[in-house]
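Okay, here's what each chain looks like letter by letter:
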Amino acid sequence: VVRRHLLQRYEHQPFISCLAGFYSCRWKRYQRERTEPGKCCCNMVTFCFSLVFLYTWGEGKNDYNSFDWYNYGNLGFWFLWSLVILIVAAVLFAYISLLLVLAMCLLAEGQQLYLHWSHKIGTFLVLGFSISSLFALSILWRDHRKTVRLSFQVTAPYLHIGAIAIMVLLSWPVALHAIRADKKVTQVIIVGPYLAILLFLFLIPLGMYSPCIREIGTLGPKPALIGHRGAPMLAPENTEMSFLKTIEHGGDGLETDVTISYDGVPFLMHDDTLRRTTNIEEVYPNDTGKTASFFSWDALQKLNAGTWFLKNKPFVGMGSLSKADQTQAMNQSIYTLSSFLRLADSHNKLVIFDLYRPPEKHPYRNLWLRKVLDVILKESKIKRHLVLWLHNSVRSFVQSVAPGFQHTMGRKAPIKDLLKHNIVKLNLVYTDMSSEDIRKYAEANITTNFYVVNEPWLYSLAWCSGAHSVTTNAVHLLKDLSQPLFLMTPQQYNIMWILTDLTSAFLISLIFAL
């Protein structure tokens, strides 16, 4: 109003025009100071949510295969949804990071922060995607939070360095705005939270714990590797080829799933139906939804159990198959429990399997356990100490007719109860991993196996925690680890975080002084 009045009344007087220009600049500066913090805060909040989701989803890579199979079961077709989400999250994070860097540069130079309408829409899209994705994860995949908490045990020392680096970068705009502020209260509001967060980051290593930070010579032996349905990244799951691949790559044991055909032949199949892992749509198109155990063994032998893998190879496997492997995969059939046990016995490999009771109206619904025991004891004659007996039903009966099995429990329980039932091993989901529990059970001569562990960081954590073995889809990858990732001594870690804190404190002090 003052500017407009001065220009209209004294437009020909240079001094008044200059004064009007001064008021114009003050008005623009006022508008900028009023709007810039809001825009910058919005970008910062979006950046934080995007970073949290990217880290959360990236650390969940161990379960991508389960996530994609879950979607396959609901949608009816296979697609690598997990990788698509990871790529989208990375692209959106890179985009919002670029916007934030540019905003910081502009603010540091005292320039006006103006976002084009397209970038405003983009910012809100990134924010909406990140928040909705985190919410969906918390509802649909609650165990994923346990995975993220486990990841902090190995990544926290390096996340600490990254957080300190971000605080150093933020020190320039924080210092600049604090110096430009006219009131002491404003300066305290700007600098106070920044220094509080910085102090928290400086001291957080004092309360940090990681089993991979340990003295030299205290690391236990490398956990044994049990192939989950064989080597499903290299061959069709639960087939002879898959188990041979596990043996070829040095696996110590084999894991599988056992069901019983309509005429009483135990065979290997994980799913309730044959639709995913066979060509049943070509051979028996009218029976695709039929329960696998209601097929006779003669009918099951006519199915191919390998061609599906070649069709989905870009999604379920890693790398490329040789022509010999492709030919071998094309000729795989459904595998019997008897053949599986003979193969394991001939190579002296441990076996562990989930047993599925046939549904109602199945002729072997009440005889299935006896049938499985007949195959183990009479047909295959596998060495009994190689069998990790997991099924908890009629365990006392199994112990009486088949002494020598290594009896395994699928959940945590008091040591007293485990010893009472002659349990020598626990088979636990990896999210139950605890170095304290592992040590406690080991003192009672009870070993632990964790499933399904596919990522090197998670295998490293199991190794540092003292796990005896892991069930994995990636025997060919984990066998090459000579020591855990992120392994360091307490002295090395102390030097790392103290140097980081001192260097960052010096740089931040220098920036504030400048």
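We now turn to the structure provided with this report. One numbering rule holds for all chains: residues counted from 1, following each sequence as written. In keeping with the predicted nature of the model, local features appear solely for residues at pLDDT of at least 70, side-chain atom pairs appear and are counted solely at 80 or more, and the whole-chain, interface and lining totals rest on all residues. Values reported for side chains reflect all heavy atoms of the structure, with hydrogen atoms and water molecules removed beforehand.

### Examining the state of the cysteines
Operational definition: In this description, a disulfide is simply a cysteine sulfur pair whose atoms lie within 2.5 Å. Each helix is a run of DSSP H or I of at least 4 residues and each strand a run of E of at least 2, with the numbering of both proceeding from the N terminus.
Applying the stated rule across the entire model yields one disulfide. A disulfide bridge connects cysteine 212 with cysteine 464, and the sulfur atoms are separated by 2.3 Å. What sets the handedness of the cysteine 212 and cysteine 464 disulfide is the S-S torsion sign, and at about 105° it is right-handed. With a gap of 252 residues between them, cysteine 212 in the loop between helix H7 (184–203) and strand S1 (224–228) and cysteine 464 in helix H19 (residues 456–465) connect regions that are remote in the sequence.

### Some thoughts on helix H8 (residues 240–248)
Short version of the rule: Each residue is placed in one exposure class: buried if its accessible area under a 1.4 Å probe, protein chains only, is under 20% of its type's maximum, exposed if it is over 50%, and partly exposed if it falls in between. Residue contacts are defined here by distance: any two heavy atoms, one from each residue, within 4.5 Å place the two residues in contact.
Here H8 has its buried residues at Met241, Ser242, Phe243, Lys245, Thr246 and Ile247. Tucked into the core, H8 has its buried residues touching S1, strand S2 (253–260), strand S3 (266–268), helix H13 (323–330), helix H14 (337–346) and helix H20 (475–478). Residue glycine 250 follows H8 closely and has a positive phi angle near 90°.

### Notes on the pairing of strand S6 (residues 406–409)
The line we're drawing: DSSP-based pairing: two strands are paired if at least 2 bridges between them are found. For crossovers, right-handed means that the path from the first strand over the helix to the second runs clockwise, given strands pointing away from the viewer.
Note: strand S5 (residues 387–389) against S6, two bridges, orientation parallel. By the bridge assignment for S6, tryptophan 389 is matched with histidine 407. Considered for its hand, the β-α-β crossover made up of S5, helix H16 (residues 395–401) and S6 is right-handed. Note: S6 against strand S7 (residues 425–429), two bridges, orientation parallel. Each residue of the ladder has a partner; that of threonine 408, found in S7, is lysine 425.

### Some details on a nonpolar patch on the surface
To keep it simple, the criterion reads: Candidates for patches are residues over 30% relative accessible area with no salt bridge; among them, like charges are joined within 9 Å and nonpolar side chains (Val, Leu, Ile, Met, Phe, Trp, Tyr) within 5 Å. For the accessible areas, the method is Shrake-Rupley and the probe is 1.4 Å, while residue cover comes only from the protein chains on display. Between Lys or Arg on one side and Asp or Glu on the other, a salt bridge is scored when a side-chain nitrogen of the former is within 4 Å of a carboxyl oxygen of the latter.
Taken together, the side chains of Leu75, Phe77, Phe79, Val84 and Val88 define a hydrophobic patch exposed on the protein surface, amounting to about 390 Å² of accessible area. For valine 84, the position within the fold is in helix H4 (residues 81–108).

### A look at the environment of methionine 233
Looking at where methionine 233 falls in the secondary structure, it is placed in the loop between S1 and H8. By relative accessible area, which is 17% here, methionine 233 ends up buried. Sequence-wise, methionine 233 and methionine 104 are 129 residues apart; in three dimensions their C-alpha atoms are separated by 45 Å.

These values are about where atoms sit, not about what they do.
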